[in-house]
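Fold and contact review
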Amino acid sequence: MTKRHVGRPLKKEKASHCCMVRFTDTEFARFLTLYEQSGVPNRAVFIKARVFDETFRVIKVDRSLLDYYLKLTTLYGQFRSVGVNYNQAVVALKSNFTEKKAFAMLAQLEKLTLELAAVGGEIVHLIREFQEKWSQR
């Protein structure tokens, strides 16, 4: 009768030896900074790589660029929803008001539309400027 193994595959060499290190608060803060920059999945792998002088990559994320991009994306989404509301407003004006009153309101709406188009142009300009900066990095 053969014994069957169920579960994950067995490792060739089991890691059974443990070392303990104690840090001061400033050392630990520096350690965490290095660990976070490395992008390594866990602390043990990071420590082993440092002890055995293996190379590791450092990933730096510029939070200000990420925030800028997210806010620009949100603004663009809001801009699109204004366009949908614009169409609904025109249909409501046409069906609920007299022709003369609807024409007067459409004239006001046209002025606001021109302002909205200017804002849309600024959004497109900011997006292009962001893409140019991003592609240079």
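Residues numbered from 1 in each chain as written. Predicted model: local features only at pLDDT ≥ 70, side-chain atom pairs only at ≥ 80, totals over all residues. Heavy atoms only, no water.

1. Some points on the packing of helix α1 (residues 25-38) against helix α2 (residues 43-51)
In the contact formed by α1 and α2, the axes pass within 10 Å of each other and the chain directions differ by 95 degrees. The angle between α1 and α2 places the two elements in the roughly perpendicular class. Note on element contacts: α2 touches α1 through R43, F46 and I47, opposite F28, F31, L32, L34, Y35 and S38. Along the lines of polarity and charge, the residues of the contact of α1 with α2 split into 7 nonpolar, 1 polar and 1 charged. (Axes fitted to C-alpha atoms, helices over the stretch in contact; angles between N-to-C directions. Helix = DSSP H or I, 4+ residues; strand = E, 2+ residues; numbered from the N terminus. Parallel < 35°, antiparallel > 145°, perpendicular 65-115°, else oblique. Contact = heavy atoms within 4.5 Å. Nonpolar A, V, L, I, M, F, W, Y, C, P; charged D, E, K, R; others polar.)

2. Quick notes on the environment of F97
Positionally, F97 belongs in the loop between α3 (63-96) and α4 (99-136). The class for F97 is partly exposed, based on a relative accessible area of 36%. The spatial distance from the C-alpha of F97 to the C-alpha of S38 is 64 Å, given a sequence separation of 59 residues. Once residues within four sequence positions are removed from consideration, F97 is found in contact with A92, A102 and M105. (Buried < 20%, exposed > 50% of the residue type's maximum accessible area, 1.4 Å probe, protein only.)

3. Quick look at a nonpolar patch on the surface
Residues V21, F23 and F28 make up a contiguous nonpolar surface patch of about 270 Å² in total accessible area. The residue F28 is located in helix α1 in this model. By relative accessible area, F28 is classed as partly exposed at 31%. (Patch = residues over 30% accessible without salt bridge, like charges linked within 9 Å, V, L, I, M, F, W, Y side chains within 5 Å. Areas by Shrake-Rupley, 256 points an atom, 1.4 Å probe, with all protein chains shown as cover. Salt bridge = Lys/Arg side-chain N within 4 Å of Asp/Glu carboxyl O.)

4. Here we look at the confidence of the model for the chain
Per-residue confidence for the chain gives a mean pLDDT of 80, with 91% of residues at or over 70. The secondary structure element of the chain with the lowest average pLDDT is α3, at 79, and the one with the highest is α1, at 87. (pLDDT = per-residue confidence, 0-100.)

5. Examining α3
Structurally, the α-helix is built with 3.6 residues per turn, so residues lying three or four positions apart point the same way. Along its 34 residues, α3 runs 49 Å from first to last C-alpha, staying within 8% of the 50 Å computed at 1.5 Å per residue. Within α3, burial applies to L65, L72 and L93. (Expected span 1.5 Å × (residues − 1).)

6. Focus on the side chain of S38
Residue placement: S38 occurs in helix α1. A polar contact of 3.3 Å, which involves the side chain of S38, links it to the backbone nitrogen of V40. (Polar contact = N/O pair within 3.5 Å; in protein donor to acceptor, adjacent residues only side chain to side chain.)

7. Describing the environment of G39
Tracing the chain through its elements places G39 in the loop between α1 and α2. With 58 residues separating them along the chain, G39 and F97 place their C-alpha atoms 62 Å apart.

8. Some thoughts on the packing of aromatic side chains
Per the stated rule, a full pass over the model turns up 6 aromatic pairs. A ring pair is formed by F23 and F28, whose centres lie 6.2 Å apart and whose planes are at 40 degrees; its orientation type is tilted. Look at F23 and you get partly exposed, because its relative accessible area is 38%. Aromatic side chains F31 and F46 sit 5.6 Å apart centroid to centroid with 55 degrees between the ring planes, which places their arrangement in the tilted category. Remark: F46 occurs in helix α2 and F31 occurs in helix α1; sequence separation between them is 15 residues. One exposure class covers both F31 and F46, and it is buried. Site record: aromatic cluster; members linked through ring pairs are F23, F28, F31, Y35 and F46. (Phe/Tyr/Trp six-rings, centres within 6.5 Å; stacked < 30°, edge-to-face > 60°.)

9. Focus on the state of the cysteines
By the definition in use, this model includes 0 disulfides. Here C18 is not disulfide-linked; the sulfur of C19 is the nearest cysteine sulfur, at 6.6 Å. (Disulfide = S-S within 2.5 Å.)

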